[in-house]
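# Report on the structure
In case you want the letters, here they are:
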Amino acid sequence: MPELPEVETVRRGLAPAMIGARFESIDQRRPDLRFPFPADFAARLTGRRIEALGRRAKYLLADLDDGQVLVMHLGMSGSFRIEAREGATLLGTYYYDTSKDPAHDHVVFDLSSGARIVYNDPRRFGFMQIIARAEIAEHALFKNVGLEPLGNELDGEVLARLFAGKTAPLKAALLDQTLVAGLGNIYVCEALHRAGLSPRRAAGTLARKDGRATDRAHVLARVIREVLEEALAAGGSTLRDHRLTDGTLGYFQHTFRVYDREGEACRRDGCGGRVKRIVQSGRASFYCGACQR
DNA sequence: CTTACACCCTGCTCGC
DNA sequence: TGCGAGCAGGGTGTAA
């Protein structure tokens, strides 16, 4: 499910209910998701105050008042919903999504804010860890994570430097979280279409022989930011059962130009091509063979 | 070092 | 209507 815009949307949805609140009780309903929960997971969180809720790549990071960080990843099908605890009143409107199968409610956080935050994940590709703040940067989960595409670092020159010499296709290079972090299958397809670049083009062709960026690299860097920012403004993309924490739906999926549009008309003005679907490193790539080179 | 692929798990859609 | 095949937004480990 969630790529950077969806995870960031979830972060913004959870923040008002979590920041400043304490974990009063945790109901951990299984020993593992993708990985086992840390030992004494519930006990280590109970009583802790959440000081901040951040995001790095596709990870959510809740800073706790004892120097630890609760790290949460949604995998493919993870979602959070917010309910009011019994007898509690929450500011704002919260939504109970009855379409969620409670069999897949794996973790329930009851917070002093009056919020009950429920983690639901049918495929269980998500996971949670607790890591000391001081060890985050060197932790195996984070030490190889690449740059944030919405940060100040990403531009054509940086992209060209990252991709220089690579024979892997652009599609694979952009999905590689150790280079640029947070892109997934949807937004890679969409960014490549906007840039007019084929997902099959070798990543190294975005650098000139002297290592400087080509015009293509500048364009790609610009449209990566553009597509992520537009998706964020739309509350992310809602496919299948993904919802925002308040139960409403993101609507960016209505503006996909190529993703999941095999056989349909290219949406570039005056192009007239059709969207093709190919498989690259086991993942579907959607692109227009006419205007993406 | 690179790139490619299987795999983790459940649910949904499609074709027969 | 039932049933198997294939596919899904992610990431890791292994092999070549």
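On a predicted model such as this, the values are computed, not experimentally measured, just so you know.

## Some words on the pairing of strand E5 (residues 79–84)
Burial within E5 is extensive, with 5 of its 6 residues counted as buried. When E5 meets strand E7 (residues 115–120), the two strands line up antiparallel, connected through 6 bridges. Residue pairing in the sheet places Arg81 in a bridge with Val118 of E7.

## Considering the environment of Ala191
For Ala191, the position within the fold is in helix H5 (residues 185–195). Distance from Ala191 to Arg29, taken between C-alpha atoms, is 39 Å for residues 162 residues apart in sequence. Ignoring sequence-local partners within four residues, the contact set of Ala191 consists of Leu220, Val223, Ile224 and Val227.

## With respect to the side chain of Asn185
Along the polypeptide, Asn185 turns up in helix H5. In this structure the side chain of Asn185 is engaged in a polar contact, spanning 2.7 Å, whose partner is the side chain of Lys171.

## Observations regarding helix H1 (residues 4–18)
An ideal rise of 1.5 Å per residue puts 21 Å on 15 residues; H1 measures up with 20 Å between its terminal C-alpha atoms. Buried residues dominate H1, accounting for 12 of its 15 residues. Those residues of H1 lying buried are Leu4, Pro5, Glu6, Val7, Glu8, Thr9, Val10, Arg11, Leu14, Ala15, Ala17 and Met18. Just past H1, the residue Gly20 takes up positive phi, approximately 90°.

## Considering the confidence of the model for chain A
When the pLDDT values of chain A are averaged, the result is 91; 92% of them are 70 or greater. Note that residues 92–98 has pLDDT below 50 and, in this model, 10 contacts with residues that lie over four places away or in other chains.

## Considering the sheet that holds strand E3 (residues 59–64)
Through backbone hydrogen bonds, the strands of a sheet pair up, either in parallel or in antiparallel fashion. Across the sheet, 4 strands lie side by side as E2-E3-E4-E8; this open sheet has antiparallel pairing. Both outer strands of the open sheet, strand E2 (50–56) and strand E8 (127–132), are each paired with one neighbouring strand and no more. If you compare each strand with its neighbour and ignore which way they point, the axes differ by 20° on average. Bridge count between strand E4 (residues 68–73) and E8: 6 bridges; the pairing is antiparallel. Within E8, the position partnered with Met72 by the bridge is Met128.

## Considering the protein's contact with DNA strand B
Surrounding DNA strand B, one finds His104, Pro122, Arg123, Arg124, Phe125, Lys166, Thr167 and Ala168. Backbone sugar and phosphate groups make up 66% of those atoms of DNA strand B lying within 4 Å of the protein. For DNA strand B, a phosphate oxygen lies 2.6 Å from a polar atom in the side chain of His104. In this structure, a phosphate oxygen belonging to DNA strand B sits 2.7 Å away from a main-chain N or O atom of Ala168. When its residues are assigned to classes, the surface near DNA strand B shows 3 nonpolar, 2 polar and 3 charged.

Criteria and cut-off values
- Residues numbered from 1 in each chain as written.
- Chains lettered and ligands numbered in written order.
- Predicted model: local features only at pLDDT ≥ 70, side-chain atom pairs only at ≥ 80, totals over all residues.
- Heavy atoms only, no water.
- Buried < 20%, exposed > 50% of the residue type's maximum accessible area, 1.4 Å probe, protein only.
- Helix = DSSP H or I, 4+ residues; strand = E, 2+ residues; numbered from the N terminus.
- Pairing = 2+ DSSP bridges.
- Contact = heavy atoms within 4.5 Å.
- Polar contact = N/O pair within 3.5 Å; in protein donor to acceptor, adjacent residues only side chain to side chain.
- Expected span 1.5 Å × (residues − 1).
- pLDDT = per-residue confidence, 0-100.
- Axes fitted to C-alpha atoms, helices over the stretch in contact; angles between N-to-C directions.
- Near = heavy atom within 4 Å.
- Nonpolar A, V, L, I, M, F, W, Y, C, P; charged D, E, K, R; others polar.

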